[in-house]
Amino acid sequence: MNENNQLRDVFAAIADPTRRRLLQLLAEADELPLHELKAHFQMGRTAVSKHLTVLKEAGLVLDRKVGRETKFRLNAFPLKEVQDWVAFYSKYWSTNMLRLKQVLEEEDE
């Protein structure tokens, strides 16, 4: 998977509120098994598992087998690209808001 496809996958993965909540839960813990993650949602085990698969495919979640269960953990590294992308536009909006403020102050004078 090339960098652009992975970046798109990360954006698609975090677009869903359920997946963002899963990431938050994983960020708050070292590792969590599926049954503990599922307890936070009003959906079945299979649905939560499908969301985790999307996150895994985007590189945001890692898993490992421990006995009969699979434990999941956050891999936040791909979010750095999202942060960089948002930071670019944050600068854009900050600059434009500053210009707007200046224009409004000039009109008040």
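Preceding block: the structure.
Residues numbered from 1 in each chain as written. Predicted model: local features only at pLDDT ≥ 70, side-chain atom pairs only at ≥ 80, totals over all residues. Heavy atoms only, no water.

This paragraph deals with helix H2 (residues 17-27). Of all the residues in H2, the buried ones are Thr-18, Arg-19, Leu-22, Leu-23, Leu-25 and Leu-26. The arc enclosing the buried residues of H2, seen along the axis, measures out at 160°, which places them on a common side. Projecting away from the buried face of H2 at angles above 90 degrees are the exposed residues Pro-17 and Ala-27. The N-terminus of H2 is capped by Asp-16, whose side-chain oxygen sits 2.8 Å from the backbone nitrogen of Thr-18. (Buried < 20%, exposed > 50% of the residue type's maximum accessible area, 1.4 Å probe, protein only. Helix = DSSP H or I, 4+ residues; strand = E, 2+ residues; numbered from the N terminus. Arc of directions from axis to C-beta. Polar contact = N/O pair within 3.5 Å; in protein donor to acceptor, adjacent residues only side chain to side chain.)

With that settled, consider the packing of aromatic side chains. The geometry of an aromatic ring pair is captured by two quantities: the separation of the ring centres and the angle between the planes. Inspection of every chain in the model, using the stated rule, returns three aromatic pairs. Ring centres 5.0 Å apart and planes at 55° place the aromatic pair Trp-85 and Tyr-89 in the tilted group. Here Trp-85 and its partner Tyr-89 are both found in helix H5 (residues 79-108), four residues apart, which amounts to about one turn of the helix. The exposure class of Tyr-89 is partly exposed, given its relative accessible area of 37%. One aromatic cluster is present, built from ring pairs that chain together Phe-11, Trp-85, Phe-88 and Tyr-89. (Phe/Tyr/Trp six-rings, centres within 6.5 Å; stacked < 30°, edge-to-face > 60°.)

Oppositely charged side chains are able to pair whenever their charged atoms sit close together. Overall, the coordinates contain three salt bridges when judged by the stated rule. Residue Glu-31 is joined to Arg-64 by a salt bridge in which the shortest nitrogen-to-oxygen separation is 2.6 Å. Here the residue Glu-31 occupies a position in the loop between H2 and strand S1 (32-33), and Arg-64 occupies one in strand S2 (residues 61-66), the gap between them amounting to 33 residues. Accessibility expressed as a relative area gives 42% for Arg-64, which makes it partly exposed. (Salt bridge = Lys/Arg side-chain N within 4 Å of Asp/Glu carboxyl O.)

Nothing here speaks to function; it is all geometry.
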